[in-house]
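Letter by letter, the chains look like this.
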Protein chains: 2
Amino acid sequence: MIRGTTTLIAHIGYPTHAFKAPMIYNPYFESVGIDAAVVPMGVKAEDYEGALRTIFKFTNVRGALITMPHKVSTCGLVDELSPTALIAGACNAILLRSDGTLLGDMFDGAGFVRGLLRKGLKLHGARVLVVGCGGVGCAIAASFAAAGVAGIGLFDRNARSADGLAARLSSHYAALEVTTDSNDPAGYDVVVNATPMGMNVGDELPMDVSRIAPTTFVGEVVMKTEMTAFLAAAKARGCPVQIGTDMLFEQIPAYLEFFGFPTTTPEVLRAVARLSY
Amino acid sequence: MIRGTTTLIAHIGYPTHAFKAPMIYNPYFESVGIDAAVVPMGVKAEDYEGALRTIFKFTNVRGALITMPHKVSTCGLVDELSPTALIAGACNAILLRSDGTLLGDMFDGAGFVRGLLRKGLKLHGARVLVVGCGGVGCAIAASFAAAGVAGIGLFDRNARSADGLAARLSSHYAALEVTTDSNDPAGYDVVVNATPMGMNVGDELPMDVSRIAPTTFVGEVVMKTEMTAFLAAAKARGCPVQIGTDMLFEQIPAYLEFFGFPTTTPEVLRAVARLSY
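Here's what I pulled together on the structure shown here. In this text the structure is predicted, and so the values were computed from the model without any measurement. (Residues numbered from 1 in each chain as written. Chains lettered and ligands numbered in written order. Predicted model: local features only at pLDDT ≥ 70, side-chain atom pairs only at ≥ 80, totals over all residues.)

1. Focus on the interface of chain B and chain A
- Taken residue by residue, the interface counts 31 residues in chain B and 31 residues in chain A.
- Those elements that place two or more of their residues in the side of chain B that touches chain A are helix H1 (22-32), strand S2 (36-42) and helix H2 (48-55) of chain B.
- By residue number, the principal contributor to the side of chain B that touches chain A is S2(B), which donates five residues. (Contact = placed C-beta atoms within 7 Å. Helix = DSSP H or I, 4+ residues; strand = E, 2+ residues; numbered from the N terminus.)

2. Digging into helix H6 (residues 159-172) of chain A
Residues and elements named next belong to chain A.
- With 14 residues, H6 extends 20 Å from end C-alpha to end C-alpha; this agrees with the ideal 20 Å at 1.5 Å per step.
- Where H6 is concerned, the buried positions are Ala162, Leu165 and Leu169. Looking straight down H6, one finds that the buried residues subtend no more than 70° of arc, so they occupy a single side. In H6, the exposed residues that point more than 90 degrees away from the buried face are Arg160, Ala167 and Ser171.
- For H6, the elements touching its buried residues are helix H3 (83-88), helix H5 (135-146), strand S8 (151-155) and strand S9 (177-179). (Expected span 1.5 Å × (residues − 1). Buried ≥ 20, exposed ≤ 12 C-beta atoms within 10 Å, placed from the backbone. Arc of directions from axis to C-beta.)

3. Notes on the sheet that holds strand S11 (residues 217-220) of chain A
Residue and element names in this part refer to chain A.
- Strand order in the open sheet formed by six strands is S9-S8-S7-S10-S11-S12, and the pairing between neighbours is parallel. In the strand order of this sheet, the two ends are held by S9 and strand S12 (241-242), each with one partner.
- Where strand S7 (residues 127-131) lies against S8, five bridges are found, and the strand directions are parallel. Residue Val128 lies in a different strand from S8, and its bridge partner there is Ile152.
- Against the sheet, helix H7 (residues 229-236) contacts strand S10 (190-193), S11 and S12, and its axis sits at roughly 165° relative to S11. (Pairing = 2+ DSSP bridges. Axes fitted to C-alpha atoms, helices over the stretch in contact; angles between N-to-C directions.)

Below, the structure written as structure tokens:
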């Protein structure tokens, strides 16, 4: 229930029709009596810089959730970036601080890693493979590094994306072993599909599942279907898995804290969310 | 329930805390399954021109409700004004047309007049007094003229406001008899308080109620309390009255039609509204 007193979180991206956050945050806010709302604002890339400046002049806006196609360009439009956003080279949340400055952060990776930790995984000293070095892959790799993994394998069809991320990771984490030459999942403790492969029926798999050991933990970022062909194949080999929407629900408590709202658990959020899938 | 597919009507003004429209429109939209929402956007006067341009670039915005302090400045920022907005010199609704241009209109007066007509009043040929020639008084006077009244008395403590409105009315309605010299309500068929007097306890009355004939219809624009001291005094004299919120609820069907949504009645809107008074 939006009122004149309601604090807004602008949800900025284009197109807006597939936005999920309003149907998670708003039922949560309502269920616990927080007078706040996430409001989709459809902004095209060419309008983004001016729109961002305007939106943060709205007297009832406290922050923003940033999505496609603005996650990368946001890095150049805020006053300060978190270390994770710096390494990721992307930003999906902005807080308007009391001094009027904008702080950018990136929670995709935090949500992914938090989900693994809550499933009992030990990441400290682990070896992980991230296939796909776009915004979400970079964010996951940055959060893996922050969680103390020993080695990260990176792969992207565009080799420069993987190389750029590797350089940023190495400059922040000198002891981290980073490779960029292969999407072969053999020998990893965790492997992640951070590509869009799996969004559409008939997509090829992001890596050779027959090379994944049954003890390897397998994660997915695609949310369109919960059990993608990739996850199903991994599960068939006996691998423990994490579905794409776990990353979504696990990161929301982190956003709530970032924006200064009372926090909650992913379980509560899943229970109140009004998503159609 | 706001979704990524939801059409937004931006509710622009400052401060936002007393906005009422979201608690009327949104329950109505929800009750009839229209995927639209009125969203408050707090914009200060100095930011308004740029903000308006930005907001109408949002890909999910169809229109705007404009309130204090922007009703007058809006006239210079849209591509076309309705005749009523032109005479009122104020604009409280903007439609983004399919060709990308902005049409400004003003519905305060339409709501007021529609309420009178629905109460059985005959306005054609009537003599009406409007005390207070700010935005809402101008709008009401413009709508009275459009409804075919024979004469309008205007009064404002700032004589230039009344004179300016009189000139605009006369230029559009040559046969209309317009006076600006008195707030004496004697001899009028309808008298209207269009000043803020009555917002606060202890405000003096906008005109000498002892001079209002019991057959005169008495209207009020103050919404903060339904039965203002002015209306109560008129009612005590036997006058039929129209409360301030009638103007609000009577104008909403006109906005719904303006924005291209399915319309409804004030009674339905009152029944679903979640206003606290």
